[in-house]
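# Working through the structure, step by step
These are the residues of each chain, in order.
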Amino acid sequence: MALAIASAFAFANIAHAAPAAPTAKAAPVRAENAFLSQEDAAARSARVSNVAYTLEFTLTGNPTFSGVTTASFDLADNAQPLTIDLDKATVKSVSVNGNTVDAKYNNWFVTIAAADLVKGRNTVVIAYERLHSTNGEGLHRMVDPVDGRVYTYSHFEPAAAHQMFAVFDQPDLKATYQVTATAPADWHVVSTTRETRIEDAGKNKRWIFPTTKKLSPYNFSLHAGPYKVWEDKSGKYPMRLFARQSVASQVTPEDWFRYTKNCLEFFDNYFGIPYQFEKYDQLIVPDFLYGAMENAGAITFAEGGFLHKAKMTDAQRQSLASVIMHEMAHQWFGDLVTMQWWNGLWLNESFASFMGTLATAEATEFKDAWQHFYSTGKQAAYAQDQKSNTHPIEVPVPSTANAFDNIDAITYSKGASTLMQLRHLLGAEMFRKGVHNYLVKYSYQNAKLDDFIGSLGQAAGRDLSGWTREWLYEAGVNTIAANFSCANGKVKSFSLQQTAPSKALPTLREQRVQVASFKLEGGKLVPLQTLPVTYKGATTQVAALAGTACPDLVYPNYQDWGFVKVQLDKRSFETARASLANVDDPLLRTMLWQSLWDGVLDGKLALNEFIKTALVNAPLEKDYTLLGDVLGKVNAAKNYLDAMNLQSAWAKETRAALEDMAWNSTLAYNGNDSFQRRWFTTYLGVASTPAALERLAGILAGTTAVDGLTINQDLRWAIIGRLNRYNHPGALALVEQEAARDKSDSGQAAALAATVVRPDPAVKAEWLGTVEDLKTELPFSKIRTAMGSLYPAEQTALAEQTAAARLAKLPAIDKAAGPVYMRSYANTLIPASCTPASVKRLTQAAATMKDLSAGTRRALLDAQQEDQRCVSIKQAMTAPK
């Protein structure tokens, strides 16, 4: 699954791995709640095996649907009752082995009495009705506001299949699925397999699908609606692409099919195992919670990331390619071989992130994919790993309620980074061989971390238990620094110094990196030495560099082999700061920019000094990928200025200077669409002065021209949103006018965001009340949009009006709402205002609110730490505040 994030760490030793499944005799009484514990799941899988589902669905387009689940399975004993998961349904009937029974149903699972079961083969049939979901899980339903058409799609990760049908909803009870679906005649129905036939059923059609191969429930899927369909049969596997009719013009199927075809070939060759699911369908769907989902043979993608009302930029094409690759890697690693329990989800995501980046670099035009990974996913992982509530890559997951507690940049990008450095440690071919052996051995089965590491270790002839303990069961990111002295222009001594993040996280790790040294000659940084080094412990001597020319800059993780924070020595730091434009290697330039930004975050470089450097160097940047990274840091710097509520003359001049830089660069790139749009997007993100807002209003009205730039519908809404955020005269009327022109659901969402973001106390109060009303009938997609728009950084005074009340309500909302809601609420509406008083308020809340759910508590601790960082950055500034 693609988020916008991450990787993982780990515990003190492998003894923390998932406990062995209890025997049937010890099976506990299942807790009466909405979630499945690991203990209950293990007890059930100890009794149940050889599962096969026959599923019948009747879809009408109405808010409800009906279904019949026929579950056949072997039962080791009939000494105790057995539960089958089914969420919030109206159960019509239950039969067991041909006999109608009066089964107990508590709105979360059906309990079959022991007396109704037999040892050996059983068949349970459950008929039910259920509301479609509107929160992106289960079988989601959406009515297109443009044409009234109804679209549905399923999403089951984590453990949400039982929101659509009765099922043993746990990954280690793999099963086959045979599906029949009745739907309106103009609908397409898509599932794991391609339909064998379509029959007339009155005004409807009945779609009959062949039995699937064995899959975990969360990897099965079914999607239905009057989708637009594109087909391509030019490759080894037939490909289809689906999207809503009203957005079909925003899809470029040729790009989708090109990347898909190339990478199916790449993965077939890399894994040495052909793609297993016969056809490759991809669906672009509305209201999706995440970036994409790896349903076997029928992958879903969020419309928000993959619909474009203008020609795609290079960045948008790269994003498309990399997400296609990520989800495709899951077809082998996640679908073919699946984790035993949710504590192993990180390995699925880490491996897909690693393989997705590798495939993007080797099978598409985006050869700088690892540079992009460094500046996006990896930096998110470094940031996450330095937080007070960081966690290992491998962590316990007590129940399905906790399955996504630690799905973050550690799960995705730190895990991917550790796999990359393990590849360097073992060698690329040994790593590939180990992966192949693992996939062959555990095909259509469930596996654990030890199984994967064992396959790699066996292929390389190496014991990886120590590496596993250090990297996967211990949290935190280490720091390395080059420590060297020179005499008479030559290096006298050279060592790498490794430090642990804190006394609480003392682990020092073994890792292979490249150390590179550079000299300034004629204004250019020229390379002197590049040396692979495997370091471990606190100090590693690098004798091979003694006697070489004394460098002006040393970078001890050249070409980004390792997962480690680099602390530049003083001389190298000053060289980097003064010579950014004189570094030819774009990846090294990227890493030096990151060192400067790390200096800001760590309080070693004043924010105003970073902005000064950016104003000089950003307009000179000609590498498109790096420019995106630099401008992201510029926007983050502006966000800190806004959060600090700085109103000094320097602050006002700086805001204007950032606007001028972005505007002038937008004009300068007429004729280069990708660069121009990247700079204009930055202009939109920094525009806040009256002059800049008036210019935006002129662009919207057509009185100010930007040669070469097409102001499409998305940009029109972005401008309107910015004007309303700063209450520009006439901005509210623009929302109404544009909404009348654009009746699409994306237009509705943009209008909502532009309304909620307005600095109007009455608007804030109304929408905060709606967001916190857990019984609202608004679709969750609109609630999530409102959450993200309520309190932008510069609206500190407005946010403070409700800050204390929001924080006080947090425990009650956390207890009443579900994980999907709280993941959005806690990450957007916990109040922080970059003041000592705000830090104190959050610190007190963290000290008292210890019964919050794990995910919400983590969000609270994150907010406290980031608020403290903002205060510290403000205090470190040398410009007038």
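One can find the structure itself at the top, above this paragraph.
Here's what I pulled together on the structure shown here.

## Structural notes on the overall build of the chain
Within the chain, the regular secondary structure consists of 26 helices and 29 strands. Taking 881 residues into account, the globule formula puts the C-alpha radius of gyration at 29 Å, and the chain, at 28 Å, falls close to it. Dimensions of the chain, computed from C-alpha atoms along their principal axes, come out at roughly 90 × 70 × 60 Å. The burial tally for the chain puts 59% of its 881 residues in the buried class. The long-range fraction of contacts in the chain, counting pairs at least 24 apart against all pairs at least 6 apart in sequence, stands at 72%. On the chain, roughly 32600 Å² of surface is accessible, and the fraction owed to carbon and sulfur atoms is 52%. Averaging the positions of the 87 positive and the 87 negative side-chain charges in the chain gives two centres separated by 3 Å.

## Considering the packing of aromatic side chains
Tallied over the full model, the rule gives 50 aromatic pairs. Over the ring of Tyr624 we find Arg678; its NZ or CZ atom is 4.0 Å from the centre of that ring.

## Overview of the state of the cysteines
Per the stated rule, a full pass over the model turns up two disulfides. Each sulfur in the disulfide pair Cys834 and Cys870 lies 2.1 Å from the other. On the sign convention where negative means left-handed, the S-S torsion of about -95 degrees between Cys834 and Cys870 marks this disulfide as left-handed. Highlighted residues: Cys834 in the loop between helix H24 (819-829) and helix H25 (836-848) and Cys870 in helix H26 (residues 854-876), separated in sequence by 36 residues. Taken individually, Cys834 and Cys870 each receive the classification buried, so the pair is uniform in this respect. For the chain, the disulfide bridges join cysteines in the arrangement 1-2, 3-4, where the cysteines are counted in sequence order.

## Examining the nonpolar core
In this structure, Phe57, Phe165, Trp332, Met355, Phe452 and Tyr821 are the most contacted members of the largest nonpolar core, which totals 186 residues. At ten residues, the largest contribution of residues to this core is made by helix H5 (residues 345-363). Sequence-distant contacts of Phe452, defined by excluding residues within four places in its chain, comprise Phe333, Leu347, Phe351, Leu419, Val435 and Tyr438. In terms of nonpolar packing, the next biggest core, distinct from the first, is built from 92 residues, Val564, Phe573, Trp593 and Leu684 among them.

## Focus on the sheet that holds strand E19 (residues 292-293)
If you walk across this open sheet you meet the five strands as E16-E17-E18-E20-E19, and the pairing is mixed. Here the strands that pair on one side only, and so sit at the sheet edges, are strand E16 (228-232) and E19. In this sheet, strand E20 (residues 298-302) lies alongside strand E18 (residues 280-285) in parallel orientation, the contact comprising five bridges. Bridging from a neighbouring strand, Gln282 pairs with Ile299 of E20. In the packing of helix H2 (residues 253-271) onto the sheet, contacts are made with E16, strand E17 (239-243), E18 and E20, and the angle to E17 comes to roughly 140 degrees.

## What to know about the packing of H2 against helix H4 (residues 314-332)
Remark: H2 packs on H4, axes separated minimally by 10 Å, with the N-to-C direction vectors making an angle of 40 degrees. The orientation of H2 relative to H4 falls into the category oblique. In this structure, H2 crosses over H4, and the sense of that crossing is right-handed. Where H2 approaches H4, its residues Asp255, Trp256, Tyr259, Thr260, Cys263, Leu264, Phe267, Asp268 and Phe271 are matched on the opposing element by Arg317, Leu320, Ala321, Ile324, Met325, Met328, Ala329 and Trp332. In the contact of H2 with H4, the residues fall into 13 nonpolar, one polar and three charged.

## Side note on the environment of Thr313
Mapped onto the elements of the fold, Thr313 is located in the loop between helix H3 (303-306) and H4. The class for Thr313 is buried, based on a relative accessible area of 7%. Residues Thr313 and Thr64 lie 249 residues apart in sequence; the distance between their C-alpha atoms is 40 Å. Setting aside its immediate chain neighbours within four residues, Thr313 contacts Tyr624, Ser674 and Arg677.

## Topic: the sheet that holds strand E3 (residues 82-85)
Taken together, three strands build an open sheet; the order of strands is E3-E7-E6 and the sheet is antiparallel. The two strands at the open ends of the sheet, each matched to only one other strand, are E3 and strand E6 (104-105).

## Side note on the environment of Phe242
Relative to the helices and strands, Phe242 resides in strand E17. Along the primary structure Phe242 and Ala114 are separated by 128 residues, whereas in three dimensions their C-alpha atoms are 45 Å apart. Beyond its immediate sequence surroundings of up to four residues, Phe242 is in contact with His188, Val190, Tyr227, Lys228, Val229, Trp230, Asp281, Gln282, Leu283 and Ile284.

## Considerations on the pairing of strand E9 (residues 138-143)
Two elements, E9 and strand E10 (residues 150-155), share six bridges in a ladder whose sense is antiparallel. Its bridge partner lying in E10, Gly138 is registered against His155. Hairpin connection between E9 and E10: a loop of six residues separates the two successive antiparallel strands, and Gly148 in this loop has a positive phi of roughly 80 degrees.

## Concerning helix H14 (residues 624-644)
The end-to-end C-alpha distance of H14, which contains 21 residues, comes to 30 Å, matching closely the 30 Å that a straight helix rising 1.5 Å per residue would cover. A large share of H14 lies buried, amounting to 16 of its 21 residues. Where H14 begins, the side chain of Asp623 points an oxygen toward the backbone nitrogen of Thr625, at a separation of 3.3 Å. Just beyond H14, the residue with positive phi is Asn645, at close to 60 degrees.

## A short note on the pattern of salt bridges
When the charged atoms of two side chains with opposite charge come close together, those side chains can pair. All chains considered together, the criterion is met by 43 salt bridges. In this structure, Asp745 engages Arg244 in a salt bridge whose closest nitrogen and oxygen atoms are separated by 2.7 Å. Placement of the pair is Asp745 in helix H20 (residues 745-756) and Arg244 in the loop between E17 and H2, with a sequence separation of 501 residues. Owing to a relative accessible area of 1%, Arg244 belongs among the buried residues under this scheme.

## Description of unusual backbone geometry
Here the residue pair Glu157 and Pro158 is connected by a cis peptide bond, since its omega of -5 degrees sits within 30 degrees of zero. Tracing the backbone shows Pro158 in the loop between E10 and strand E11 (175-184). For Asn645, which is not glycine, the phi dihedral falls at a positive 60 degrees. Position of Asn645 among the secondary structure elements: in the loop between H14 and helix H15 (649-668). Asn645 gets classed as partly exposed once you look at its relative accessible area, which sits at 45%. Phi at Cys834 is positive, roughly 60 degrees, even though this residue is not glycine.

Rules used throughout
Residues numbered from 1 in each chain as written. Predicted model: local features only at pLDDT ≥ 70, side-chain atom pairs only at ≥ 80, totals over all residues. Heavy atoms only, no water. Helix = DSSP H or I, 4+ residues; strand = E, 2+ residues; numbered from the N terminus. Rg over C-alpha atoms; globule rule 2.2 N^0.38 Å. Buried < 20%, exposed > 50% of the residue type's maximum accessible area, 1.4 Å probe, protein only. Contact = heavy atoms within 4.5 Å. Areas by Shrake-Rupley, 256 points an atom, 1.4 Å probe, with all protein chains shown as cover. Lys, Arg positive; Asp, Glu negative; His and termini not counted. Charge placed at Lys NZ, Arg CZ, Asp CG, Glu CD. Phe/Tyr/Trp six-rings, centres within 6.5 Å; stacked < 30°, edge-to-face > 60°. Lys NZ or Arg CZ within 6 Å of the ring centre and 35° of its normal. Disulfide = S-S within 2.5 Å. Core = buried A, V, L, I, M, F, W, Y, C linked by side-chain atoms within 4.5 Å. Pairing = 2+ DSSP bridges. Axes fitted to C-alpha atoms, helices over the stretch in contact; angles between N-to-C directions. Parallel < 35°, antiparallel > 145°, perpendicular 65-115°, else oblique. Left-handed = near helix turned anticlockwise from the far one by under 90°. Nonpolar A, V, L, I, M, F, W, Y, C, P; charged D, E, K, R; others polar. Expected span 1.5 Å × (residues − 1). Polar contact = N/O pair within 3.5 Å; in protein donor to acceptor, adjacent residues only side chain to side chain. Salt bridge = Lys/Arg side-chain N within 4 Å of Asp/Glu carboxyl O.

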